[in-house]
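What follows is each chain in one-letter form.
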Amino acid sequence: MPPLEPVDPPEGDVVPYPNDILVLGDNRWLTVTGKVITAPFGDPVDLKENTRAFWEGAAARAGCSVDSLRRQGPSRGATEAVPGADRGSTSAPLP
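Treat the numbers as computed from the prediction; the structure is a model and nothing was measured.

**Student:** Explain the sheet that holds strand 3 (residues 36-37) here, please?
**Tutor:** Spatial ordering of the open sheet is given by 3-2-1-4, a layout of four strands whose pairing is mixed. In the strand order of this sheet, the two ends are held by strand 3 and strand 4 (43-45), each with one partner. Two strands pair when backbone bridges link them, and strand 2 (residues 29-31) and strand 3 are joined in this way by two bridges, in the antiparallel orientation. Bridged to Trp 29 within strand 3 is Ile 37.

Right, here's the structure in full:
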């Protein structure tokens, strides 16, 4: 049963919803699994301090940091940031 009174938002690091995708700019998004995509399949969200640790982990699975992914821009293809893209893979293996 849900609480009857309002609940304060969580403090500290939190995990985004599974269908959230981080807006990188230049028509690129980062999924929770660490895949950089060029079509928004999910719910776009902006980087917040309480989700930064999670998105940094997702970016690490893509072989980069969030800041470097945001700086890359459209000159690099989305799959170039993902290890194994030259072999036809579009996502990095999970640890």
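**Student:** Is there a simple way to think about the pattern of salt bridges in this case?
**Tutor:** Charged atoms that come close allow side chains of opposite charge to pair. Applying the stated criterion to the full structure yields two salt bridges. For Glu 49, the salt bridge identified is with Arg 52, shortest N-O distance 3.8 Å. Residue class for Arg 52 comes out partly exposed when judged on its relative accessible area of 25%. Here Glu 56 ties to Arg 52 by a salt bridge, and the two come within 3.1 Å at their closest N and O atoms. In this pair, Glu 56 and Arg 52 both sit in helix 1 (residues 52-61), four residues apart, roughly one turn of the helix. Where salt bridges share partners, they join Glu 49, Arg 52 and Glu 56 into one cluster.

**Student:** How should the nonpolar core be read in this particular structure?
**Tutor:** As a rule of thumb, soluble globular proteins bury nonpolar side chains together. Judged by nonpolar contacts, Leu 22, Leu 24, Leu 30, Val 32, Val 36, Leu 47, Trp 55, Ala 58, Ala 59, Val 66 and Leu 69 together constitute the single largest core of eleven residues. Elements with a contribution of two residues or more to this core: helix 1 and helix 2 (66-72). The element that contributes the greatest number of residues to this core is helix 1, accounting for three residues. Not counting residues up to four positions away in its chain, the partners in contact with Val 32 are Pro 16, Tyr 17, Pro 18, Asp 20, Phe 54, Trp 55, Ala 58 and Arg 61.

**Student:** Would you mind going over helix 1 with me for this structure?
**Tutor:** Turning to helix 1, its buried residues are Trp 55, Ala 58 and Ala 59. Along helix 1, the residues classed as buried sweep out an arc of 100° about the axis, all on the same side. Positive backbone phi, approximately 90°, marks Gly 63, located one or two places after helix 1.

What counts, and where the lines are drawn
Residues numbered from 1 in each chain as written. Predicted model: local features only at pLDDT ≥ 70, side-chain atom pairs only at ≥ 80, totals over all residues. Heavy atoms only, no water. Pairing = 2+ DSSP bridges. Helix = DSSP H or I, 4+ residues; strand = E, 2+ residues; numbered from the N terminus. Salt bridge = Lys/Arg side-chain N within 4 Å of Asp/Glu carboxyl O. Buried < 20%, exposed > 50% of the residue type's maximum accessible area, 1.4 Å probe, protein only. Core = buried A, V, L, I, M, F, W, Y, C linked by side-chain atoms within 4.5 Å. Contact = heavy atoms within 4.5 Å. Arc of directions from axis to C-beta.

Structural measurements only, silent on function.
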